[in-house]
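# What the coordinates show
Here's the letter readout for the chains.
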Amino acid sequence: MKRRGGMLYKYADLKRKGYAHKDIERLVDQRIMFKIEKGVYSNRRNVTELSTFMIKHPKVIFTLESAFYYYGMTDKRPEKYVVVTKKPAWRIVDVQIKQYFMDPAIYDIGVTKLQINNTWIPIYDRERMLIELVRYRKKLDPEYYKEIRDYYHHHPEKINMKKLKGYLDQFVSKKKLTEVILTEIL
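Figured I'd write up the structure that's included with this text. (Residues numbered from 1 in each chain as written. Predicted model: local features only at pLDDT ≥ 70, side-chain atom pairs only at ≥ 80, totals over all residues. Heavy atoms only, no water.)

## As for unusual backbone geometry
- Of the consecutive residues Lys-87 and Pro-88, the connecting peptide bond is found in the cis state with omega at -15°.
- Assignment of secondary structure puts Pro-88 in the loop between strand S5 (81-86) and strand S6 (97-102).
- We note that Arg-31 has phi near 60°; this positive angle belongs to a residue other than glycine.
- When you line up the elements, Arg-31 lands in the loop between helix H2 (21-29) and strand S2 (34-37).
- Its identity is not glycine, yet Asn-118 carries a phi of approximately 65°, on the positive side.
- Considering the arrangement of structural elements, one finds Asn-118 in the loop between strand S7 (111-116) and strand S8 (119-124). (Helix = DSSP H or I, 4+ residues; strand = E, 2+ residues; numbered from the N terminus.)

As structure tokens, this is what we get:
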């Protein structure tokens with residue numbers, strides 16, 4: 001196995017590449033491969049929790065508290081990774097995840113990639129997160145909502161209004177979302 005920079009592998013991926021269980025065990029014994037956790041291996045001893053999370057859950061999109069934190073809108077680190085998956089999807093059984101399910105019609109709106117500690121993650125952009133803030137405002141702690149709302153209010157230059165309008169046009173509740181964004185936030 002070639003030693004390239006920090007590669008992570010699922011057990012199933014190694015099997016598909018032709019490695020038998022004994023081969024994987026031998027690589028681990030020889031310290032060519034390291035078992036990070038059940039079903040996850042790397043050619044490096046130390047890997048980040050986030051990169052391990054992404055190899056286990058490649059189809060999630062970071063949203064709400066996780067996205068607000070990664071964009072620096074709050075210092076409050078979420079206790080769990082807050083992610084969204086497209087409906088219909090299986091519930092992810094993982095104690096470190098808070099999962100939401102998204103209608104396929106709006107699931108891909110505003111998806112981008114953000115690099116966090118050398119790991120690229122799928123995440124909604126700031127414009128989509130403004131919409132999500134309004135959509136979930138009643139489910140968020142009022143003080144937390146106010147903190148994020150104030151961030152957007154004090155940093156309007158970080159919002160591409162043309163992009164935001166294009167996103168809003170795709171939501172059924174466009175009128176209500178637009179009203180709240182214009183009166184409460186911007």
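## Examining the pairing of S2
- Where S2 meets strand S3 (residues 40-42), three bridges bridge the pair, whose relative direction is antiparallel. Residue pairing for S3: Lys-35 is matched across the bridge by Tyr-41.
- Joining the antiparallel neighbours S2 and S3 is a turn of two residues, in which Gly-39 adopts a positive phi near 80°. (Pairing = 2+ DSSP bridges.)

## Overview of the pairing of S8
- In terms of burial, S8 is a largely internal element, five of the six residues being buried.
- Relative to S8, S7 is paired through six bridges, and the arrangement is antiparallel. Residue pairing across strands places Val-111 opposite Tyr-124, the latter belonging to S8.
- In sequence, S7 turns back onto S8 through a hairpin of two residues, with Asn-117 there showing a positive phi of about 45°. (Buried < 20%, exposed > 50% of the residue type's maximum accessible area, 1.4 Å probe, protein only.)

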